[in-house]
Amino acid sequence: MNGAVDELLARLAHENAVLVRITSTQGSAPREAGTWMAVWADGLTGTIGGGQLEFQVTQVARDMLAGAPAVDGVQRYPLGPSLGQCCGGVVFLSYQQVRSVDAPALRSELVAKLRPVALFGGGHVGAALARLLATLPFSVRWIDSRDGVFPAALPAQIECEHSEPVQGAVAQLAPGSRVLIMSFSHAEDLDIVIACLKRLREHDDLPYVGLIGSKTKWATFQHRLEARGFSAAEMDRVTCPIGVPGIGGKEPEVIAVAVAAQLLLD
């Protein structure tokens, strides 16, 4: 499963598009600022919310692709009776014609705006999560201490890293990263948790630290963390087990859905 960024880059290698972005909104709007949509001569990648707004914007963009003058500056669209929508707010849009030469810059720009996730572990659940997160508004730094565990072809939103020792990567994570810990080894899991708790002590910039495992595993980890001087309040920063409660099943794909839902709620 690949995300919108991958589809944009793949099609851009062969055809031009108009990139429509929501620069800001006022009041009720179908999508938030930063949302984008690529308009092709015969299709769309992404969405700015659908409905009459998207219908009219798509026509403007296709006119540009057909040779009409480019739309300059930010355009204001009231979501009222004149547009046939009843949201009541206002959406401000920009139009940008893009070609294959723009692909590297667009990749860096669009991925940088996604919410960062650090995924430790290249096993079955890790692979299922990576595939799913690539379709959601996350960028993934996928980390493992083993060689040869990552697939050869990966979506644009995923960056792989070999780290030995694996916990050494924690210090280099982007501020605001959501951390998911599911390595092949309980010993590695513990080392990563310790590194995350130390970083939280120093910087407090990891909003979510999730550890895969049972309540029994977490109880064992708590005893070991306490012996290393971590307080109950510090250990409460770790979520274990992970995933939205109530989603049954132990298949990797089911676990991935539950965990991704939890990240979206965070």
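Data block above holds the structure.
Conventions used here
Residues numbered from 1 in each chain as written. Predicted model: local features only at pLDDT ≥ 70, side-chain atom pairs only at ≥ 80, totals over all residues. Heavy atoms only, no water. Helix = DSSP H or I, 4+ residues; strand = E, 2+ residues; numbered from the N terminus. Buried < 20%, exposed > 50% of the residue type's maximum accessible area, 1.4 Å probe, protein only. Contact = heavy atoms within 4.5 Å. Areas by Shrake-Rupley, 256 points an atom, 1.4 Å probe, with all protein chains shown as cover. Salt bridge = Lys/Arg side-chain N within 4 Å of Asp/Glu carboxyl O. Axes fitted to C-alpha atoms, helices over the stretch in contact; angles between N-to-C directions. Parallel < 35°, antiparallel > 145°, perpendicular 65-115°, else oblique. Left-handed = near helix turned anticlockwise from the far one by under 90°. Nonpolar A, V, L, I, M, F, W, Y, C, P; charged D, E, K, R; others polar.

Chemist: Help me out: how do you make sense of the overall build of the chain in this one?
Modeler: Of the regular secondary structure elements, the chain holds eight helices and 11 strands. Considering only C-alpha atoms, the chain reaches an extent of 70 × 40 × 35 Å along its principal axes. Out of the 266 residues in the chain, the part that is buried amounts to 46%. Taking contacts inside the chain between residues at least 6 apart in sequence as the whole, the part at least 24 apart equals 60%. Split by element, the accessible area of the chain, about 12,900 Å² in all, is 53% carbon and sulfur.

Chemist: What should I look at first to understand the pattern of salt bridges in this one?
Modeler: Any two side chains of opposite charge can pair, so long as their charged atoms come close to each other. For the structure shown, the criterion picks out 12 salt bridges. Note that Glu109 is salt-bridged to Lys113, the shortest N-O span being 3.4 Å. The class for Lys113 is exposed, based on a relative accessible area of 56%. Two residues, Arg141 and Glu161, come together in a salt bridge whose shortest N-O distance is 2.5 Å. One end of the pair, Arg141, is in strand β7 (residues 138-144); the other, Glu161, is in strand β8 (residues 158-162), and 20 residues separate them in sequence. Taken together, the shared-partner salt bridges in this structure form one network comprising Arg11, Glu15 and Asp42.

Chemist: Would you mind going over the packing of helix α5 (residues 186-202) against helix α6 (residues 215-227) with me for this structure?
Modeler: The relative placement of two packed helices is expressed as an angle between their axes plus a distance between the axes. Packing of α5 against α6 brings their axes to within 11 Å, and their N-to-C directions diverge by 55°. On the basis of their axis angle, the class for α5 and α6 is oblique. As for the relative orientation of α5 and α6, their crossing is right-handed in sense. Seen from α5, the contacting residues are His186, Asp189, Leu190, Val193, Ile194 and Leu197; seen from α6, they are Lys217, Phe221, Arg224 and Leu225. Partitioned by chemical class, the residues of the contact of α5 with α6 number six nonpolar, one polar and three charged.

Chemist: Quick question: what am I supposed to make of the packing of helix α1 (residues 4-12) against helix α3 (residues 103-112) here?
Modeler: For the pair α1 and α3, the least separation of the axes is 10 Å and the interaxial angle reads 175°. On the basis of their axis angle, the class for α1 and α3 is roughly antiparallel. Between α1 and α3, the contacting residues are Val5, Leu8, Leu9 and Leu12 on the first element and Ala103, Leu106, Arg107, Leu110 and Val111 on the second. For the contact of α1 with α3, the class distribution of residues is eight nonpolar, no polar and one charged.

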